[in-house]
Amino acid sequence: GDAPLARYYFRAALTLDPKLAKILEIVQQIRAAEPHTNILIYTEYTDSQQVLKSHLQQAAQDGRLTGIVTSLNGDDDVMTRKRLTDAFMTLDDTILVSTDATAEGLNLQRKCHHLIHLELPYNPNRLEQRNGRIDRFGQLFEPVIHYLYLGNTFEERLLMRLVQKYEKQRDKLTFVPNTLGVLTDPSF
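Residues numbered from 1 in each chain as written. Predicted model: local features only at pLDDT ≥ 70, side-chain atom pairs only at ≥ 80, totals over all residues. Heavy atoms only, no water.

**What about the overall build of the chain?**
Just so we agree on the cut-off: In this text, helices come from DSSP runs of H or I with a minimum length of four residues, and strands from runs of E with a minimum of two, each type numbered from the N-terminal end. Think of it in three bands: residues with accessible area under 20% of the maximum for their type are buried, residues over 50% are exposed, and the middle band is partly exposed, with areas taken using a 1.4 Å probe on protein chains only. Note on definitions: a residue-residue contact is assigned when non-hydrogen atoms from the two residues lie within 4.5 Å.
Looking only at helices and strands, one finds six helices and five strands in the chain. Order of helices (α) and strands (β) in the chain, N terminus to C terminus: α-α-β-α-β-α-β-β-α-β-α. Taken across its 188 residues, the chain has 43% of its residues classed as buried. Restricting to contacts in the chain with at least 6 residues of sequence separation, those with at least 24 account for 71%.

If you want it as structure tokens, here you go:
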């Protein structure tokens, strides 16, 4: 039916997303400053994850990027998840492109302090859970978190709403850390 054709066009459109070039640029900047550091990248959708992983792997093959590019999502079985997360927590020079499969319960801070959000979740708690994978007790470096969004679009408004909700939560709960690292105008 129409579903495979729609999925084809959706994936084709993803390859034109300007965020792909921006993520590669950010990863290259990180690697220039810290050559063997691990980087965690969150996507909201498995289609985005697959396109981004392919894009980064191609950059590695072309010599524009160093390291191993792996991915993890909810379709991976328990043994695959364990193998990939164990490798990410022990090896250097690894980029893990993940959906929210790693957003809860994993301590990835031992070998990673760089996180990039390709897409934003609608829920500020999920954003906090993602950030919490590297911003937690035992982290030896200041976490560096990037939020990608297209300016003057719904994504920008979504990020500002998420930050606002998060700041309201921080005001009510004095023990919530400022892991978003972004401030908004309260009149937004």
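**Concerning the sheet that holds strand E1 (residues 38-42)**
Where we set the bar: Criterion used throughout: strands pair if DSSP finds at least two bridges between them. Helix axes use the C-alpha atoms of the stretch in contact, all axes being lines fitted to C-alpha atoms, and the angles between their N-to-C directions lie in the range 0 to 180 degrees.
Read from one edge to the other, the open sheet built from five strands follows the order E2-E3-E1-E4-E5, with strand pairing classed as parallel. The open sheet has two free edges, formed respectively by strand E2 (68-72) and strand E5 (144-147), since each of these has just one partner strand. Across the sheet, the mean angle separating the axes of adjacent strands is 20 degrees when strand polarity is ignored. One ladder, built from four bridges, connects E1 with strand E3 (residues 94-98); its direction is parallel. Within E3, the position partnered with Tyr42 by the bridge is Ser98. Along the sheet face, helix H2 (residues 18-33) touches E1, E3, strand E4 (112-117) and E5 and points at about 160 degrees away from the line of E1. Its contacts with the sheet put helix H5 (residues 124-131) on E1, E4 and E5, and the angle it makes with E4 is roughly 150 degrees.

**Brief notes about the confidence of the model for the chain**
Heads up, the rule is: The predictor rates its confidence in each residue with pLDDT, a number between 0 and 100.
Taken over all residues, the pLDDT of the chain has a mean of 82, while the share at 70 or more is 79%. The low-confidence segment residues 183-188 (pLDDT under 50) makes twelve contacts with residues lying over four places distant or belonging to another chain.

**Observations regarding helix H3 (residues 46-61)**
Selection rule: Under the convention used throughout, the expected extent of a helix is 1.5 Å for every residue step, that is, one less than its residue count.
A rise of 1.5 Å per residue sets the reference length of H3, with its 16 residues, at 22 Å; its end C-alpha atoms lie 22 Å apart and thus fit the reference within 8%. Along H3, the residues that are buried comprise Asp47, Ser48, Gln49, Val51, Leu52, Leu56 and Ala59. Just beyond H3, the residue with positive phi is Gly63, at close to 85 degrees.

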